[in-house]
Amino acid sequence: MTQLFNLKKISLQLTLLFCLQQVLAQPENIRLNQVGFYPKGPKTAVWVGDIQTGFVILAQNKKDVVFIGKLSAQRTNAISQKTTQIADFSAFQKPGKYYISIPDKGISYPFEIKNDIHREAAKASLKGFYYQRVSTDLPEKFAEKWHRNAGHPDDKVLVHPSAASRERPENTVISSPKGWYDAGDYNKYIVNSGITMGTLFSLYEDHPSYFKSFEINIPESKNGIPDLLDESLWNLRWMLTMQDPNDGGVYHKLTNPSFDGMVMPDKAVKPRYVVQKSITAALDFAAVMAQANRVFKPFEKQLPGLADSCLTAALKAWEWAKANPKALYLQNENNKQFDPDVVTGEYGDRNSADEWIWAATELWITTKDDSYSLQTNLFPDNNLPLPTWGQVRMLGYYSLIRSEKILTPKGKQTLPELKKQITSFADNLLNGVNQQAFNTVMGKTARDYMWGSSSHAANQGIALLQAYKITADKKYLEGALSNLDYLLGRNAIGYSLLTGFGSKQVMHPHHRPSEADSIAEPVPGLLSGGPNPGQQDKCTTYTTKIADESFTDDVCSYASNEIAINWNAPMVYLAAAIEALQKKF
Ligand code: G3I
Ligand code: 9MR
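Moving on: the domain arrangement of the protein. Considered domain by domain, the protein is made up of domain 1 (2-113), domain 2 (119-413) and domain 3 (429-585). Domain 1 and domain 3 are separated by 23 Å when their C-alpha centres are compared. Taken together, the contact pairs 22 residues of domain 1 with 36 residues of domain 3. Three residues stand out in domain 1 for area buried against domain 3, namely Gln 34, Tyr 38 and Ile 79, and they jointly supply 31% of the buried area on that side.

So, in structure tokens, the structure goes:
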């Protein structure tokens, strides 16, 4: 009897102990960059829960206390009304692997402190573009277990009736291979390629020396051209084929009439079309090609004639744009007139003023011809909108500032005002961050949580890095890092949003190859779109409508969990530029 009683007692104790461990092991209540921190950089974690007083940093054995800290006063998240406390352990600088513990409450995911802590994330997010390559096999040597067959040769693409011209009537067959799949779908869109390429080229122009030894194991890795540019070339070559040589106009997109099913690229074999030439496509194309001229000029030996061809293409697109300023791409209108109907991504934009600015500034910088500054109003107002696929004005401004040394005297005159505007934009981003629930620039307003909110966080980071370049004031660099921390886990959902990184990973992005390849892990290095209360996908697995939590790691969720090239590009920028600047912390 006694024995039985004792046994029961022991088992009760064990159960209690087990429960206690369960309670203690709630890493999701401690939010932090799940990859880690620079030794000299700021280090912040966030406790989400009832009020606590202190925290400790534990060594890898989860026992030895290496740092003791106090939690901040409670902060209220203005979006969800939930409370948080900040654990600041910036003073702890010793490289190693650690955990954070809130005594009696829980232990965080592991994290590391070391130099180059974000190099792998930067490399993977650039490699993410390789995995999006169209018209080519991805062999195991480069793609590891995600190797796959080529999809979409795109060597027999039809001219859609909306794009018919005298020289290329309806159903003319053209060849338009290569490029990157836009996102979770298999179509190729010039407008979205525009901001993506502009962002990657700007990263290169801002930090050329960093990319001298930045290899990501792609077929071109040893060809004497930085991998960032080699990867971009795959898409540049496709973009060049989207220009009609007869008039310089640029087709808005290359697409199926409707989205493919969730199949591998080589199983998606519906006919593909180029559709109507548009003003936004022509101007984004002109901007990218003008910038490409500057970027590829030093590689004349490896790529003879390429830089010149890019400039010629840019000039032709610009002339076409001047002759066709009203050529908006309005998909519904086209569908009333033409068959087959096209219902894939529209990238529709009724205002091309910002595309004019971007194209004019890139052409101005490249050609040094001051007349570009007169052909459009470069400074319509002081309201700088953060870059998105439909708002590209700031890309032009960044380029002007970056090109300070090569501008004409008239170009140089724009700089004081531009620098003032970018710095004041960055000041607004920083304003009040130290009262925010997650101490990040991202999330000061619910409006930050749009479709593709992760790219918004990354683009805010880029704006802050531009202000850092102008002022050399560390607060901007730290603000940019706060958004990288956001993307890698210090956020209201507790996910690291870059596939393959962190402890709580996105596993089911809306990405056709990841869904169809029967490999458990999604293709790595892809940035999930992130919280979006719009919930336009109507998935049933969302658990809340709260803006900064409106996310579901479910393949159905193209509105919160798709991936896209224009989201990955600012991720590459943010991670790589912070790596390049890490000694400044
Ligand atoms: O412009 C309005 C703004 O005025 C308003 O305040 C705001 C409130 O919701 O909405 C804004 O419009 C949004 C628009 O994006 C511009 O940001 C729409 O709601 C939103 O539905 C729209 O989402 C776009 C989505 O396609 C649907 O068209 C995303 O930006 C865009 O990234 C996404 O792109 C898709 C491609 O079509 C197809 N390939 C995948 C890719 C990624 O999901
Ligand atoms: O997969 C498509 C995704 O890339 C787009 O962003 C999204 C919105 O345009 O549409 C997705 O396709 C869905 C379609 O719109 C409706 N039927 C289900 C498709 C997803 O499988």
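This next bit is on the sheet that holds strand 7 (residues 83-88). What holds strands together in a sheet is hydrogen bonding between their backbones, with the strands either parallel or antiparallel. Across the sheet, 4 strands lie side by side as 1-3-7-6; this open sheet has antiparallel pairing. Sheet topology places strand 1 (30-32) and strand 6 (75-76) at the edges, where each strand pairs with a single neighbour. As paired strands, strand 6 and strand 7 are joined by 2 bridges and run antiparallel to one another. In the strand pairing of strand 7, Thr 76 is matched with Thr 83.

Here we come to the site of ligand 2. Every residue lining ligand 2 is accounted for by Asp 185, Phe 259, Trp 451, His 510, Arg 512, Tyr 558 and Glu 562. Within the side chain of Arg 512, one N or O atom sits 2.8 Å away from an oxygen atom of ligand 2. Within the side chain of Glu 562, one N or O atom sits 2.6 Å away from an oxygen atom of ligand 2. When atom positions are compared with the pocket grids, ligand 2 is found to occupy the largest pocket.

Let us look at helix 5 (residues 227-241). When the terminal C-alpha atoms of helix 5 are compared, their 22 Å separation across 15 residues agrees well with the 21 Å that a helix rising 1.5 Å per residue should span. Of all bends in helix 5, the biggest is about 30 degrees, found at Leu 233. Most of helix 5 sits inside the fold, with 12 of its 15 residues counted as buried. Looking at the packing, one finds that the buried side of helix 5 touches helix 2 (119-131), strand 13 (188-189), helix 4 (190-206), strand 14 (253-255), helix 6 (279-296) and helix 7 (306-323).

Near ligand 1 you find Asp 182, Ala 183, Asp 185, Tyr 189, Gly 345, Tyr 347, Trp 389, Trp 451, Gln 536, Glu 562 and Trp 567, and these make up its full shell. Separating an oxygen atom of ligand 1 from a side-chain N or O atom of Glu 562 is a distance of 2.9 Å. In isolation ligand 1 has 780 Å² of accessible area, and contact with the protein removes 50% of it. Considering only residue class, the shell around ligand 1 consists of 6 nonpolar, 2 polar and 3 charged.

Counting buried positions along strand 3 (residues 44-48) yields 5 of 5 residues, so the element is predominantly enclosed. Side chains Thr 44, Val 46 and Val 48 project from strand 3 onto one buried face, and the interleaved Ala 45 and Trp 47 project onto a second face that is buried too. Bridge count between strand 1 and strand 3: 3 bridges; the pairing is antiparallel. When the bridges of strand 3 are listed, Leu 32 appears paired with Ala 45. In this structure, strand 3 lies alongside strand 7, joined through 5 bridges in antiparallel fashion. Within strand 7, the position partnered with Val 48 by the bridge is Thr 84.

Rules of the game
- Each chain has its residues counted from 1, following the order in which its sequence is written.
- By the order in which they are written, chains take letters starting at A while ligands take numbers starting at 1.
- Given that this is a predicted model, residues contribute local features only at a pLDDT of at least 70 and side-chain atom pairs are listed and counted only at 80 or more, while totals for whole chains, interfaces and linings are drawn from all residues.
- Based on all heavy atoms of the structure, the side-chain values leave hydrogens and waters out of the count.
- Boundaries between domains were set according to an automatic or database domain assignment.
- When checking whether two residues touch, look at their non-hydrogen atoms; a contact exists if any pair is within 4.5 Å.
- By buried area we mean the combined loss of accessible area, with a 1.4 Å probe, across both parts when two parts are placed together.
- Only when DSSP finds a minimum of two bridges between them are two strands counted as paired.
- Numbering of helices and strands starts at the N terminus; helices are DSSP runs of H or I of at least 4 residues and strands are runs of E of at least 2.
- The cutoff for a nearby residue is simple: one of its non-hydrogen atoms must lie within 4 Å of the molecule or strand.
- Pairing of N or O atoms within 3.5 Å defines a polar contact, subject to two protein rules: one partner must be a possible hydrogen donor and the other a possible acceptor, and residues neighboring in sequence count only if both atoms are side-chain atoms.
- In this analysis a 1.4 Å probe is tested at points of a 1 Å grid over the protein atoms alone, and where it fits but cannot get out there is a cavity; an open set with protein on both sides within 12 Å along at least five of seven lines is a pocket; lining residues have an atom within 4 Å of a point.
- Just a note on the criterion: a molecule sits in a pocket or cavity if more than half of its atoms are within 2 Å of the grid points.
- To estimate the expected span of a helix, subtract one from its residue number and multiply by 1.5 Å.
- We define the bend at any residue as the angle between the axes fitted to the seven residues before and including it, ending there, and the seven starting there.
- A 1.4 Å probe rolled over the protein chains alone gives each residue an accessible area, and that area as a share of the maximum for its type sets the label: buried under 20%, exposed over 50%, partly exposed in between.
- Areas reported here follow the Shrake-Rupley algorithm with a probe of radius 1.4 Å; residue values treat only the protein chains shown as occluding.
- Under the grouping applied here, Gly and all other residues not named as nonpolar or charged are polar, the nonpolar ones being Ala, Val, Leu, Ile, Met, Phe, Trp, Tyr, Cys and Pro and the charged ones Asp, Glu, Lys and Arg.

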